[in-house]
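Architecture and fold: a report
Listed below are the residues making up each chain.
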Amino acid sequence: MNYIVLDLEWNQCPEGKEKEDSRIPFEIIEIGAVRFSFSSPAPSDSFCRLVKPSVYASLHHRTMEVISLRSQDLKNAEAFPVVVGQFLSWCQKEPLFCTWGPADLTELQRNMAYHGISIPFPFPFFYYDIQKIFSIVYEDRKTRRSLEYAVDFLKIKKEIPFHDALSDAYYTARIMERLTEEQILSNSSIDCFRTPERKKDEIYVTYATYSKYISRPFSSKQQAMKDRTVASTFCCRCGKSAPKKIRWFSAGSANYFCLSYCEAHGYLKGKIRLRQRRDGKFYAVKTQKLISPEEAYAIREKKEIQSLKRRLRKKFRP
Ligand SMILES: [Zn+2]
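Residues numbered from 1 in each chain as written. Predicted model: local features only at pLDDT ≥ 70, side-chain atom pairs only at ≥ 80, totals over all residues.

Concerning the overall build of the chain
Helices and strands together make up the secondary structure of the chain, namely 11 helices and 13 strands. Taking 20 Å as the expected radius of gyration for a compact globule of 318 residues, we find that the chain reaches 22 Å, a close match to that expectation. Principal-axis analysis of the C-alpha atoms places the extent of the chain at approximately 60 × 50 × 40 Å. Long-range pairs, those at least 24 residues apart, make up 61% of the contacts in the chain between residues at least 6 apart in sequence. (Helix = DSSP H or I, 4+ residues; strand = E, 2+ residues; numbered from the N terminus. Rg over C-alpha atoms; globule rule 2.2 N^0.38 Å. Contact = placed C-beta atoms within 7 Å.)

The structure is reproduced here in structure tokens:
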């Protein structure tokens, strides 16, 4: 397996959000990566290049707070298309990307799209979010920790400074040494920079305790929620249709929940997040997870709180 542990540093518009180019809110200024193998965990092969910015010439104060780079360091670097080309050929065939958190591969592709570079990654684009897997294996599955927290937690020696693309990739690889290959491979993530365009491209993935579905685009959130496939519920263990005990109800403007029940495997919590694409359309990300009767009860309570809130709003509307 060709694991590539990737970390990027990026800059944002120094004059604030109003003046940013919405096609590229985060401009990559450094690509760092190490090649990782479970047979010889010590990272041997690495890639690290600075990128000469072409959109935001000076660094945002927040960027300078976290990284030690300064604008003059980037002046002699190569432009993004050159560096990303070097990076992709360094990756070699069939890289399995590992990152700390879900953002890096999305921003890498957004920068590639901005520069008119075609995306060479497979679809759906699976990757391994080591921050998420650290939480699944060592904590509560939900909390997301900083890289330095995880390094301290696992008592990994801090030999080099953080917030430099290569050292963050290196530390992420050191954390992977404390995981098994099975723990990593069974907890993949799906990058959503590109989402399904047609029904036949929709994504279904089944994990040990939950399933994930990513829909094609819809013109509005209402249209998405009306769709039979989006609204359907099934058991992630046996795949059979699971009748709803509580129908989809909204909690906030983009999140919906439901409760369904499989005769053989028990309660399932359904969650739909509606997300907006760059073209303004919406797509649904649905997860269905096996839960305990206590957690099922908590969904009933959540539903009641939501309807109570709605009644109160109606009553006191001016
Ligand atoms: Zn079942």
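After presenting the structure, the write-up continues.
Focus: helix α7 (residues 165–176)
Counted at 1.5 Å a residue, the expected span for α7 with its 12 residues is 16 Å, and the 17 Å between its end C-alpha atoms agrees. The element α7 is largely enclosed, with a buried count of 11 among its 12 residues. Listing the buried residues of α7 in full gives A165, L166, D168, A169, Y170, Y171, T172, A173, R174, I175 and M176. (Expected span 1.5 Å × (residues − 1). Buried ≥ 20, exposed ≤ 12 C-beta atoms within 10 Å, placed from the backbone.)

Overview of the sheet that holds strand β5 (residues 95–99)
Two orientations exist for strands paired in a sheet by backbone hydrogen bonds: parallel and antiparallel. Taken in spatial order, the seven strands make up an open sheet running β4-β3-β2-β1-β5-β6-β7, and their pairing is mixed. Edge positions in the open sheet fall to β4 (78–79) and β7 (189–191), since each of these has one partner strand only. Across five bridges, the pairing between strand β2 (residues 27–36) and strand β3 (residues 46–52) is antiparallel. Note on β3: the bridge partner recorded for A33 is F47. Those strands touched by helix α4 (residues 104–114) are β1 (2–11), β2, β5, β6 (125–129) and β7, and its axis lies near 70° from that of β1. Strands β5, β6 and β7 of the sheet are contacted by helix α5 (residues 130–138), whose axis makes an angle of about 55° with β6. (Pairing = 2+ DSSP bridges. Axes fitted to C-alpha atoms, helices over the stretch in contact; angles between N-to-C directions.)

Re the sheet that holds strand β8 (residues 203–206)
The antiparallel open sheet is built from six strands, whose spatial order is β8-β9-β13-β12-β11-β10. Two strands in the sheet have a free side with no partner beyond their single neighbour: β8 and β10 (244–250). Strand-to-strand, the axes of this sheet are offset by a mean angle of 15°, without reference to chain direction. Pairing of β8 with strand β9 (residues 210–214), which is carried by four bridges, proceeds in the antiparallel orientation. In the sheet register, V205 faces β9, and the bridge partner there is K212. With respect to the sheet, helix α11 (residues 293–315) is in contact with β10, β11 (255–262) and β12 (266–276), its orientation differing from that of β10 by roughly 45°.

Quick notes on the pairing of β5
Direction of pairing for β1 relative to β5: parallel, over a ladder of four bridges. Paired with N2 across the strands is P95, a residue of β5. Note: β5 against β6, two bridges, orientation parallel. Bridging from a neighbouring strand, C98 pairs with Y128 of β6. After leaving β5, the chain enters α4 and then returns to the sheet as β6, a path that is right-handed. (Right-handed = clockwise from strand over helix to strand, strands pointing away.)

Here we look at the domain arrangement of the chain
Under the domain assignment used here, the chain contains domain 1 (2–185) and domain 2 (196–315). The centre of domain 1, based on its C-alpha atoms, is set 31 Å off from the matching centre of domain 2. (Domains from an automatic or database assignment.)

Quick word on the nonpolar core
Within the largest apolar cluster, 42 residues are counted, with the highest numbers of intra-cluster contacts made by V5 and A169. Counting residues per element, this core draws most heavily on α7, which supplies eight residues. The residues contacting A169, other than those within four sequence positions of it, are V5, L6, D7, G32, A33 and V34. (Core = buried A, V, L, I, M, F, W, Y, C linked by C-beta atoms within 7 Å.)

Details of the confidence of the model for the chain
Detailed reading of the predicted model is not advised wherever pLDDT is low. Chain-level statistics for the chain give a pLDDT mean of 93 and a share of 99% at 70 or above. Per-element confidence in the chain ranges from a low mean pLDDT of 77 for helix α1 (residues 61–66) to a high of 98 for β6. (pLDDT = per-residue confidence, 0-100.)

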